[in-house]
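This is what each chain is made of:
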Amino acid sequence: MPARYNTTAIYGGAMVKNAPHPHAAKAWLSFIQSPAALKIFEHYGFKQYKRV
């Protein structure tokens, strides 16, 4: 994609109230913040969001 069309986006994740599979939701949210997942994301050009 040409750089002029590329934008920065922030993707969020959350567990919804009364989730049908709360343990799976918690496990997924934990995984996507893990060093292993961040390494995978970085491979595809994503960067970790850091609060300021």
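Up top you'll find the structure we're talking about.
An account of the accompanying structure is given in this report.

1. Side note on the packing of aromatic side chains
For the structure shown, the criterion picks out 3 aromatic pairs. Their ring planes at 65 degrees and their centres at 6.2 Å tell us that Tyr-11 and Phe-46 sit as a pair that is edge-to-face. Of the two residues, Tyr-11 sits in the segment before α1 (22-32) while Phe-46 sits in the segment after α2 (35-43), which places them 35 residues apart along the sequence. A relative accessible area of 65% places Tyr-11 in the exposed class. A centroid spacing of 5.8 Å and a plane angle of 40 degrees characterise the contact between Trp-28 and Phe-31, whose relative ring orientation is tilted. With a gap of 3 residues between them, Trp-28 and Phe-31 both fall in helix α1, about one helical turn apart.

2. Some points on the environment of Ser-34
When you line up the elements, Ser-34 lands in the loop between α1 and α2. Look at Ser-34 and you get buried, because its relative accessible area is 17%. Along the primary structure Ser-34 and Thr-7 are separated by 27 residues, whereas in three dimensions their C-alpha atoms are 24 Å apart. Among the polar contacts listed, one links the side chain of Ser-34 to the backbone oxygen of Phe-31, at a separation of 2.7 Å.

About the thresholds
- Along each chain, numbering runs from 1 in the same order as the chain's sequence is written.
- pLDDT decides what is reported in this predicted model: residues at 70 or higher carry local features, side-chain atom pairs at 80 or more are listed and counted, and totals for whole chains, interfaces and linings draw on all residues regardless.
- Side-chain calculation: all heavy atoms of the structure are included, whereas hydrogens and water are not.
- For this analysis, a ring pair means two rings from Phe, Tyr or Trp (six-membered ring only for Trp) whose centres lie within 6.5 Å, classed as stacked if their planes differ by under 30 degrees, edge-to-face if by over 60, and tilted for the remaining angles.
- We count a stretch as a helix when DSSP gives it H or I for four or more residues in a row; a strand needs E for two or more, and each element gets its number in order from the N terminus.
- Think of it in three bands: with a 1.4 Å probe and only protein chains considered, a residue is buried below 20% of the maximum accessible area for its type, exposed above 50%, and partly exposed in between.
- Polar contact is defined as a pair of N or O atoms within 3.5 Å, subject to the rule that within protein one atom must be able to donate a hydrogen and the other to accept it, and that residues adjacent in sequence are counted only when both atoms are side-chain atoms.

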